[in-house]
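Architecture at a glance
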Amino acid sequence: MTELRSLLWFRRDLRLSDHPALLAAAADGEVVPLFVVDPALWGPSGDVRRAYLLRSLRALDASLDGRLVVEEGDPVAVLPAVAARTSARRVHVTADTGPYGRRRDEAVEHALAADDRELVRTGTNYSIGPGTLLTGSGSPFQVFTPFSRAWREHGWPRPAVSPGDARFASGAGDGVDGPHWPAEPDLGDLALPAAGEKAALARWHEFLEERIDDYATDRDRPDQNGTSQLSAPLKWGELHPRTILADLSRKRSAGAETYRTEIAWREFYADVLWHRPETAREYYRPQLEALAYTEPGEAFRAWSEGRTGFPVVDAGMRQMRAEGWIHNRVRMIVASFLVKDLHVDWRHGAREFMHFLRDGDLASNNHGWQWVAGSGTDAAPFFRVFNPVTQGKKFDPQGDYVRRYVPELRHLAGAKAHEPWDAADGYASGYPERIVDHAHERKVALDDYARIRS
Ligand SMILES: Cc1cc2nc3c(=O)[nH]c(=O)nc-3n(C[C@H](O)[C@H](O)[C@H](O)COP(=O)(O)OP(=O)(O)OC[C@H]3O[C@@H](n4cnc5c(N)ncnc54)[C@H](O)[C@@H]3O)c2cc1C
């Protein structure tokens, strides 16, 4: 008698521990682990995200003793073909809750059903599935604080048990082809942190033991190593937020509490996107679309390449190109500068971020941008405009962050790096002059806001 088999289709859950869909697949018999390189997602990804994904897949493959099957193509065609080839009746997945993933999975489900096969969704990439929590009146949450209260009151499931005796199908002899990896893009000097489940868990444990207690005070300081840098592992599901929340429940400190709140932000934006999938591309508050925006031109390129003449803005954009990551405080500063000083529609900035960031995530990125642009969930009104100089001096008081990424300012000591215009030799190393007058552009933005409000 042939042994029962199921497919486990990995997407944003590139790990083996705390993996409910893996347990469900293992309960069906031998598991064929599969990843599909989908041109609809691969095409628009930047090199950094592609490289990170490939390294994460390689780590997953190593944990599976080289058994991961990698196929390329439209999942609607690939899944039925691989399921037929491997005689798997069920395809197990962690539910994708994003707009594209939901549509794609419905199409795959129909294609499988035509051949009497089933798509089984178990769990999501969040501690509470997006769409689960509703306000007392049964409507979606639009404001973070009540969402986060409801999220805590609801509580989270414990991490899933270890896959233990899960058996993975091996080798072409079993009808499983060898992997067809896409080539890894050349990243030049860009240094990525180690990818994969083991590296993510090691980073989390190191953060939990060494740095979490200071997180509440250090997290806003881009000059310090105060955050966990776990956004890419969370994006790819190299570790699950359930694992993080279970570990946090054993810690009592302001830092642990603040970290929980940041995980809640991630869950909030996924929930908002679940209810309003069009906000991945459109304004959450369409009224703000009527502002007088400027088409991206030379000023946009100067912003993107870190040549605006505003030190903390330039340091942030150069950090993005050097590491595929930017500190959260600086993401807010550079986003505010693009929208409120250069008057460029947030969607251009969000696209640039999605291209360069290794953690590029539709929900967190596009709603992070909408928050800054004042067009998103209601915590940040439009008239809160970041001053790039005072922000820089407040959160990078000694100028260390600026000097790290902007070599033309390294000759300026301490906070002087934030104001080269005040130093006699401020421009001696070729740093560019400011491309706009912040006070003037702030007024332009606020006047325009007053215009659309009236
Ligand atoms: C304009 C803008 C764009 C952003 N784009 C992304 C993005 O594409 N992908 C992404 O994961 N995050 C994004 N963020 C949120 C935040 O900046 C990053 O999650 C954070 O900087 C990642 O670094 P970390 O892992 O060291 O964070 P930590 O401070 O260690 O936080 C721990 C985790 O909490 C979550 N988190 C923290 N802050 C936020 C937040 N404001 N919103 C949602 N989740 C949060 C992340 O998963 C993060 O890894 C964006 C924020 C802004 C303002």
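What you see is a predicted model; the values in this text were computed from it and never measured.

With that settled, consider the site of the ligand. Surrounding the ligand, one finds 27 residues, the nearest of these being Tyr 215, Thr 227, Ser 228, Gln 229 and Asn 328. Residue Ser 231 places a main-chain N or O atom 3.0 Å away from an oxygen atom belonging to the ligand. Side-chain polar atom of Asn 365 to a nitrogen atom of the ligand: 3.2 Å apart, as the coordinates give it. Protein coverage of the free-state accessible area of the ligand, which is 820 Å², stands at 95%. Listed by contribution, the elements that provide at least two residues to the shell around the ligand are α9 (231-235), α11 (254-275), α14 (328-341) and α16 (362-373). Here the shell around the ligand is composed, by residue class, of 13 nonpolar, nine polar and five charged. When residues of the shell around the ligand are sorted by domain, at least three fall in each of domain 2 (126-160 + 197-275) and domain 3 (286-453).

Before going further, it helps to spend a moment on the environment of Ala 81. Inspection of the secondary structure assignment puts Ala 81 in helix α4 (residues 75-85). Taking C-alpha positions, Ala 81 is 13 Å from Asp 116, a pair spaced 35 residues apart along the chain.

Taken as a whole and assessed by the stated rule, the structure comprises 23 aromatic pairs. Ring geometry for Trp 303 versus Trp 369: centroids 6.1 Å apart, planes at 75°, classification edge-to-face. Of this pair, Trp 303 sits in helix α12 (residues 298-305) while Trp 369 sits in helix α16, placing them 66 residues apart in sequence. Judged by relative accessible area, which is 0%, Trp 303 ranks as buried. We classify Trp 369 as buried; its relative accessible area is 2%. Three or more aromatic residues link up through ring pairs in this structure, and these residues are Phe 141, Phe 144, Phe 147, Trp 265, Phe 268 and Tyr 269. A cation over a ring is seen here: Arg 276 above Tyr 284, with NZ or CZ 4.6 Å from the ring centre. The ring centre of Phe 395 lies 4.1 Å from the NZ or CZ of Arg 329, which sits over that ring.

This model, assessed by the stated rule, comprises 36 salt bridges. Its salt-bridge partner being Arg 331, residue Asp 359 comes within 2.8 Å of it at the nearest N-O pair. Taken together, the residues Asp 359 in the loop between α15 (346-356) and α16 and Arg 331 in helix α14 connect sequence positions 28 residues apart. When its relative accessible area of 7% is taken as the criterion, Asp 359 is described as buried. The structure contains a network of salt bridges with shared partners spanning Arg 11, Asp 96, Arg 104 and Asp 105.

The next subject is the sheet that holds strand β3 (residues 69-72). The sheet built from five strands is open, its strands ordered β3-β2-β1-β4-β5 with parallel pairing. Edge positions in the sheet fall to β3 and β5 (118-121), since each of these pairs with one other strand and no more. Ignoring which end each strand starts from, the neighbouring axes of this sheet average 30° apart. As judged from the three bridges shared by strand β1 (residues 5-10) and strand β4 (residues 90-93), these two strands associate in the parallel manner.

Moving on: the side chain of Arg 242. Following the sequence through the fold, Arg 242 ends up in helix α10 (residues 241-248). At 2.9 Å, the side chain of Arg 242 and the side chain of Asp 18 are in polar contact.

Further remarks concern the pairing of β5. By the bridge criterion, four bridges tie β4 to β5 in an arrangement that is parallel. Bridging across to β5, Arg 90 finds its partner in Glu 118. Traced from β4 through helix α5 (residues 99-113) to β5, the parallel crossover comes out right-handed.

Attention now goes to the packing of helix α13 (residues 311-323) against α14. Across the interface, α13 lies against α14 with an axial gap of 9 Å and an inter-helix angle of 110°. Relative to α14, α13 is oriented roughly perpendicular. In this structure, the crossing between α13 and α14 has a hand that is left-handed. Contacts between α13 and α14 involve Val 312, Val 313, Gly 316 and Met 317 from the former and Val 330, Ile 333, Val 334 and Phe 337 from the latter. For the contact of α13 with α14, the per-class residue count stands at seven nonpolar, one polar and no charged.

Glycine aside, residues mostly have negative phi, and peptide bonds are mostly found in the trans state. Of note in this structure, Asp 65 is not a glycine but carries a positive phi near 50°. Tracing the backbone through its elements, the reader meets Asp 65 in the loop between α3 (47-63) and β3. We note that Gln 229 has phi near 55°; this positive angle belongs to a residue other than glycine. In this fold, Gln 229 is placed in the loop between α8 (215-218) and α9. When its relative accessible area of 23% is taken as the criterion, Gln 229 is described as partly exposed.

Attention now goes to the nonpolar core. Ranked by internal contacts, the top residues of the largest apolar core, which has 78 residues, are Trp 204, Leu 248, Tyr 259, Trp 303, Phe 353 and Trp 369. In terms of domain composition, this core takes at least three residues from each of domain 2 (126-160 + 197-275) and domain 3 (286-453). Filtering out sequence-adjacent residues up to four positions away, Trp 303 remains in contact with Thr 308, Val 313, Met 317, Val 334, Phe 337, Leu 338, Leu 342, Gly 349, Glu 352, Phe 353 and Trp 369. Counting 29 residues, the second largest nonpolar core, distinct from the first, contains Leu 16, Val 31, Phe 35 and Leu 53.

What the domain assignment lists for the protein chain is domain 1 (1-123), domain 2 (126-160 + 197-275) and domain 3 (286-453). Relative placement of domain 2 and domain 3: their C-alpha centres are 26 Å apart. Across the boundary between the two partners, domain 2 contributes 21 residues, which contact 23 residues of domain 3. Both sides together, the interface formed by domain 2 and domain 3 hides about 2,000 Å², and carbon and sulfur atoms give 55% of it.

So, how was this worked out
- Residues numbered from 1 in each chain as written.
- Predicted model: local features only at pLDDT ≥ 70, side-chain atom pairs only at ≥ 80, totals over all residues.
- Heavy atoms only, no water.
- Near = heavy atom within 4 Å.
- Polar contact = N/O pair within 3.5 Å; in protein donor to acceptor, adjacent residues only side chain to side chain.
- Areas by Shrake-Rupley, 256 points an atom, 1.4 Å probe, with all protein chains shown as cover.
- Helix = DSSP H or I, 4+ residues; strand = E, 2+ residues; numbered from the N terminus.
- Nonpolar A, V, L, I, M, F, W, Y, C, P; charged D, E, K, R; others polar.
- Domains from an automatic or database assignment.
- Phe/Tyr/Trp six-rings, centres within 6.5 Å; stacked < 30°, edge-to-face > 60°.
- Buried < 20%, exposed > 50% of the residue type's maximum accessible area, 1.4 Å probe, protein only.
- Lys NZ or Arg CZ within 6 Å of the ring centre and 35° of its normal.
- Salt bridge = Lys/Arg side-chain N within 4 Å of Asp/Glu carboxyl O.
- Pairing = 2+ DSSP bridges.
- Axes fitted to C-alpha atoms, helices over the stretch in contact; angles between N-to-C directions.
- Right-handed = clockwise from strand over helix to strand, strands pointing away.
- Parallel < 35°, antiparallel > 145°, perpendicular 65-115°, else oblique.
- Left-handed = near helix turned anticlockwise from the far one by under 90°.
- Contact = heavy atoms within 4.5 Å.
- Core = buried A, V, L, I, M, F, W, Y, C linked by side-chain atoms within 4.5 Å.
- Buried area = accessible area lost by both parts, 1.4 Å probe.

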